[in-house]
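Structure assessment
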Amino acid sequence: MPVGFDAMSGGSGGTAYPQNDVNNHKWQWHYANSNFSQTGPITITEISVRAENGTLSVAAFDFPSLVVTCSEATTQYGVATHDSIFANNLGTNTTVVRSGPWTGGPVPSTGGATATWIPFGLTTPFIFNPASGHDFIIQLEKCATTATWATYMDGKIGLTGTVGGNRYGAIGDCAASSSSFNNDEFVPIVEITYTVGGNVTTYCTAGTTSNGCTASINANHNPSVALANACNISVAGAEGQKSGIVFYGINNTGFVPGPWASGSASLLCVKHPTQRTPIQNSGGTFGLCDGAFALDWNAFQTAHPTALGNPWSAGSKVYVQAWFRDPPAVKSTNLSNALELTYQP
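Quick look at the structure, then. (Residues numbered from 1 in each chain as written. Predicted model: local features only at pLDDT ≥ 70, side-chain atom pairs only at ≥ 80, totals over all residues. Heavy atoms only, no water.)

1. Regarding the sheet that holds strand β3 (residues 61-72)
Stated precisely, the cut-off is as follows: When DSSP finds two or more bridges between a pair of strands, those strands are recorded as paired. Where helices and strands are cited, they refer to DSSP runs of H or I of at least four residues and of E of at least two residues respectively, numbered from the N terminus. Only the stretch in contact is used when a helix axis is fitted, and all axes are lines through C-alpha atoms; the angle between N-to-C directions ranges over 0 to 180 degrees.
With antiparallel pairing, the 6 strands of this open sheet are ordered in space as β4-β3-β7-β1-β9-β10. Across the chains shown, the open sheet's two edge strands, defined by having one partner strand only, are β4 (95-104) and β10 (181-183). Along the sheet, successive strands turn relative to each other by an average axial angle of 15°, direction set aside. Looking at chain direction, strand β9 (residues 165-171) and β10 are connected through 3 bridges and run antiparallel. Bridging across to β10, glycine 169 finds its partner in phenylalanine 181.

See the structure below:
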């Protein structure tokens, strides 16, 4: 980003800040959501920057402390100006995606139009939904630099409304609360590495059924308050030709999964109160592990507006598990593992 610069340099829009200055810095780089081609949630796993062009080398650098934070902005590029107070621009999903030393190099020149990408080294993924209508913010806090890139970082500058982003910074204070410097229509060019969909988390352990089956649960995306993307929950590896349900809870605080029943191979992974969804048949073959269940989460919530958890808000957690019949088992039933979903805007 900005869009269109993956295979070409930004031209004359390089910058020495913050990678080529030993002073402390704090910056917010704001990118319009229109820079993203995806129309639903994505999980960002890496952010990289590069030298201004392929003829420049990056020296060995040493930043003892670099904190990178990602956030969905509270404003939208071209609609409202950003606040000079850094915190006022950050949304509720603000996440520190890496913290600690950032060292690397030397990175030789490529001799081409663009230079080698240099990753920040994210340790925490960040979920961003371009359909939210808000900007994407990368915030950097760089402290106590001992060695710099010794060259400019690639960026793009242009006329109002042409670049798709702005930057706001404070030079000399990595803990500043407000910006003292800004560039309208200038942003560093960054490479975003991502996967489509939200970061869905599975947890707990599935029980082993009388036929040796272990049912696993998953989802293709986290749900969206605005129904901006599909959220389809699937269960595979269940007993064939058995009835079952998908059920969920909304608060696992302090909850420790425990046996479904004394002697059962299954664990109850979802804290009460819980909500059942309609009963299903697993299909497949009797005695085999080819049974499956499916739930269109958006359709269920739309059809049941008074179901547990409604109305949903961004950041709400959902804990989901499957239950199905297994007559020879303890309590004549077994359970899958579990799924943690997080509502996106």
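2. Brief notes about the pairing of strand β7 (residues 136-143)
The condition that has to hold: Per-residue accessibility, obtained with a 1.4 Å probe over protein chains only, is compared with the maximum for each type, and a residue is labelled buried under 20%, exposed over 50%, and partly exposed between these values.
With respect to burial, β7 is a largely interior element, 8 of its 8 residues being buried. Here β7 shows a buried face lined by Phe136, Ile138, Leu140 and Lys142 and a second buried face lined by Ile137, Gln139, Glu141 and Cys143. As defined by bridge partners, β3 adjoins β7 across 8 bridges and the pair is classed as antiparallel. Bridged to leucine 66 within β7 is lysine 142.

3. Let's talk about unusual backbone geometry
For the bond running from histidine 272 to proline 273, omega is 5°, close enough to zero to count as cis. Mapped onto the fold, proline 273 is located in the loop between β18 (267-268) and β19 (274-276). In this model, asparagine 310 is joined to proline 311 through a cis peptide bond whose omega is -5°. Within the secondary structure, proline 311 sits in the loop between α1 (297-303) and β22 (317-325). Positioned with a positive phi, alanine 150 is a non-glycine residue whose angle comes to about 65°. Following the sequence through the fold, alanine 150 ends up in the loop between β7 and β8 (155-157). With a phi close to 70°, cysteine 204 is a non-glycine residue in the positive phi region. Here cysteine 204 shows up in the loop between β13 (201-203) and β14 (216-219).

4. Describing the environment of threonine 95
The criterion, for reference: Here, residues are in contact when the closest pair of their heavy atoms is within 4.5 Å. Identification of polar contacts relies on pairs of N or O atoms within 3.5 Å, with a donor-acceptor requirement for protein atoms, meaning one able to donate a hydrogen and the other able to accept it, and with residues adjacent in sequence counted only if both atoms are side-chain atoms.
Inspection of the secondary structure puts threonine 95 in strand β4. Looking at threonine 95, the relative accessible area reads 23%, which means it is partly exposed. Along the backbone, threonine 95 and valine 68 are 27 residues apart, and their C-alpha atoms lie at a distance of 8.7 Å. The residues contacting threonine 95, other than those within four sequence positions of it, are Val68, Thr69, Cys70, Thr124 and Phe126. Here the side chain of threonine 95 touches asparagine 93 through a polar contact of 2.9 Å, landing on its backbone oxygen.

5. Brief notes about the side chain of serine 224
Tracing the backbone through its elements, the reader meets serine 224 in the loop between β14 and β15 (232-238). In this structure serine 224 comes out as buried when scored by relative accessible area, which is 1%. A polar side-chain atom of serine 224 sits 3.2 Å from the main-chain amide nitrogen of alanine 226.

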